[in-house]
Amino acid sequence: MIRWARSEDLPRLAEVERAADGMFEPLGIVFPPGTTMIEECDDPGRVIVAGDPPVGFALIGEVDGLTHLEQLAVRPECQGRGIGTQLLHAVCDAAAAVTAAVTLTTFRDVPWNAPWYARRGFAVLPPELWGPELAALVERERAMGIELAPRVVMRRDVRADPATEDARTGL
């Protein structure tokens, strides 16, 4: 069951994020100590969850006027069941109602990161196409020590350009 989070869901999601982050350790990627991304969120309207109680979540925000996927995490024991894909589809569907695309930052060579997103319609976005907020976010990630392996920015268009749509439909 994919749904928007409720306030009472938020405290439980940090454990989901920590468990998912633990999957990077065998690859030599250990995240800096501190709060998880979801612990810094106090708005359930920015979080889509899978399950009740949640076994996965997607945390979204806005960067350069586009929906930005800040975090996607699924409990390791629940992976391989399509939960991440369902969450990602829900993010893209929600984004399509308000913006033209979804952006994200992710590890380039981790199989369940950039290659996984690429199979779901995301493409690497070269730096010359980043907006100022996205460039600042990448720099902030570097300063926080998140760039522990090569990272990329990715984008997926979720709806046609409104001007194109209007021209095509005659509205």
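In this report, we go over the structure that sits alongside the text. (Residues numbered from 1 in each chain as written. Predicted model: local features only at pLDDT ≥ 70, side-chain atom pairs only at ≥ 80, totals over all residues. Heavy atoms only, no water.)

What to know about the overall build of the protein chain
Then step 1. When its secondary structure is counted, the protein chain shows 5 helices and 7 strands.
Then step 2. When its helices and strands are written in sequence order, the protein chain yields β-α-β-β-β-α-β-α-β-α-β-α.
Then step 3. Against the compact-globule benchmark of 16 Å for 171 residues, the protein chain has a radius of gyration of 16 Å, which places it among compact chains.
Then step 4. Dimensions of the protein chain along its principal axes, counting C-alpha atoms only, are 50 × 35 × 30 Å.
Then step 5. When each of the 171 residues of the protein chain is scored for burial, the buried share is 43%.
Then step 6. Within the protein chain, contacts between residues at least 6 apart in sequence are counted, and of these 71% link residues at least 24 apart. (Helix = DSSP H or I, 4+ residues; strand = E, 2+ residues; numbered from the N terminus. Rg over C-alpha atoms; globule rule 2.2 N^0.38 Å. Buried < 20%, exposed > 50% of the residue type's maximum accessible area, 1.4 Å probe, protein only. Contact = heavy atoms within 4.5 Å.)

Focus: helix α4 (residues 132-144)
Then step 1. Given a rise of 1.5 Å per residue, 13 residues ought to cover 18 Å, and the 18 Å separating the end C-alpha atoms of α4 matches this to within 8%.
Then step 2. Listing the buried residues of α4 in full gives Leu134, Leu137, Val138 and Glu141. Looking straight down α4, one finds that the buried residues subtend no more than 100° of arc, so they occupy a single side. Residues of α4 that are exposed and point over 90 degrees away from its buried face: Pro132 and Ala143.
Then step 3. Those residues of α4 that are buried are in contact with β3 (54-63), β4 (66-74), β5 (101-107) and β7 (151-157). (Expected span 1.5 Å × (residues − 1). Arc of directions from axis to C-beta.)

Considerations on the packing of aromatic side chains
Then step 1. For the coordinates displayed, the defined rule picks out 6 aromatic pairs.
Then step 2. Joined through ring pairs, the aromatic side chains of Phe24, Phe31, Phe107 and Trp112 make up one cluster.
Then step 3. The lysine or arginine in question, Arg151, covers the ring of Phe107, its NZ or CZ lying 4.6 Å from the ring centre. (Phe/Tyr/Trp six-rings, centres within 6.5 Å; stacked < 30°, edge-to-face > 60°. Lys NZ or Arg CZ within 6 Å of the ring centre and 35° of its normal.)

Scope: geometric values only; no functional claims are made or implied.
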